[in-house]
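Each chain, letter by letter, is given below.
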Amino acid sequence: NPHGRRAAQALIEEAALEDDLTKAAAALRLARGEASGTDVGSAAALELARLDYAQERTESALATLDAADDWPKSDELQPEWLYWKAQCRFVLKGFQRARDDFQQLAAGWPKHPRAQAALLGQAECDSVLKAYDRAEPVFKALAKPGAPFAAQALWGWAGMKVRQGDTASARQLYTRLKSEYPASFEAGSVDERLAALPTTAPIASPTPVAQHYAVQVGAFSHKTSADKLAAHLRQRRYPAQVQARRLDGRTLYLVKVGPYKRRDLAQKQALRLESKEKLPHRISEE
């Protein structure tokens, strides 16, 4: 039967096995359409949003979730839905709404695997919103030695102290992070943060500025597939490279062409890739 809930579920399972994320997204869009307005359609929308998020299409991911927000969701799906909505909103700087989603998840599903991450996200939002009295006890609780998100909590806590102008406390927290969790992702940037700490007044967080641009032409769950496409493009004299990106415990491999110092140069290359190589593309800021 090519239509209906069972077909949609089969398409979701097919997408999960697909190495080429562009093809996986196409299967999920079809599944979302087949099961529109049902819990299966919600599951397809969530997976589609996660793929968009992994490929840095955060606005598209949030739009997918918002469009299906009123659809039925299973008890298992609802906390995941809240988590990814909050993640998207945080990245897009919608901190108050992100905090509301994180708080709803942490309060409604306190034993869910996402609950601790939601508490951390809630504290990060409170820190940005300057609700320091709410954020600090959460950071402190999550930073207990051996806690699942201790390194991330120390990082966020230290960043909050920088916003408050408490350089001494920030330095102490960064040093503790590097000492207690040297293998963590956050520890790799501690020295840079320590060197940048102000000596007197706090420094306002600058708006990130793109250093260069690249053209993303593929996303894969297996490195061999990404390497194969990149090698083909290099043979065709394109400056292709493979970048690994962690998402929710798994690694995705993005194939990008570039970098370019100006967006118009990247756009010109993107049009060439589209016309000559028939490759889907998007411009990313690096």
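Details of the structure are given in the entry above.
Every chain is numbered independently, its residues counted from 1 as its sequence is written. Two thresholds apply to this predicted model, a pLDDT of at least 70 for residue-level local features and 80 or more for giving and counting side-chain atom pairs, whereas whole-chain, interface and lining totals are computed over all residues. Side-chain metrics rest on all non-hydrogen atoms present in the structure, leaving aside hydrogens and water.

1. Some remarks on the sheet that holds strand β2 (residues 240–247)
Heads up, the condition is: Only strands that DSSP links by at least two bridges are regarded as paired with each other. Helix numbers and strand numbers start at the N terminus; a helix is a DSSP run of H or I with at least 4 residues, a strand a run of E with at least 2. Axis lines are fitted to C-alpha atoms, over the contacting stretch for helices. Their N-to-C directions set the angle, which ranges from 0 to 180 degrees.
As summarised here, the arrangement of the four strands in space is β2-β3-β1-β4, forming an open sheet in which the pairing is antiparallel. Each edge of the sheet is formed by a strand with only one pairing partner; in this case those strands are β2 and β4 (282–285). With direction set aside, neighbouring strand axes in the sheet form an average angle of 45 degrees. Note that β2 and strand β3 (residues 250–260) share eight bridges and pair antiparallel.

2. Things to note about the packing of helix α6 (residues 95–108) against helix α7 (residues 115–128)
Worth spelling out the cut-off: Here the word oblique covers every angle except those under 35 degrees (roughly parallel), over 145 (roughly antiparallel) and from 65 to 115 (roughly perpendicular). Should the near helix be turned counterclockwise from the far one by less than a right angle, the crossing is left-handed, whereas a clockwise turn marks it as right-handed. Note on contacts: a residue pair qualifies if any of its non-hydrogen atoms lie within 4.5 Å across the two residues. Here the term charged refers only to Asp, Glu, Lys and Arg, the term nonpolar to Ala, Val, Leu, Ile, Met, Phe, Trp, Tyr, Cys and Pro, and the term polar to all other amino acids, Gly among them.
Contact geometry for α6 and α7: axes closest at 8 Å, N-to-C directions at 150 degrees. By the criterion of interaxial angle, the relationship of α6 to α7 is roughly antiparallel. With respect to the hand of their crossing, α6 and α7 are arranged in left-handed fashion. Each of F95, A98, R99, F102, Q103, L105 and A106 in α6 lies in contact with α7, whose residues at this interface are A115, A118, L119, G121, Q122, C125, D126 and V128. Of the residues assigned to the contact of α6 with α7, the class counts are ten nonpolar, three polar and two charged.

3. Remarks on the pattern of salt bridges
For clarity, the threshold we go by: Salt-bridge detection follows one rule: a side-chain nitrogen of Lys or Arg within 4 Å of a carboxyl oxygen of Asp or Glu. When a residue's accessible area, from a 1.4 Å probe over protein chains only, is under 20% of the maximum for its type it is buried; when over 50% it is exposed; and in between it is partly exposed.
Inspection of the entire model under this criterion finds 18 salt bridges. For D101, the salt bridge is made with R89, and the minimal N-O distance between the two is 2.5 Å. In this pair, D101 is assigned in helix α6 and R89 in helix α5 (residues 77–91), connecting sequence segments twelve residues apart. Residue D101 shares its accessibility class with R89, and that shared class is buried. The network of salt bridges with common partners includes E56, R245, K256 and R282.

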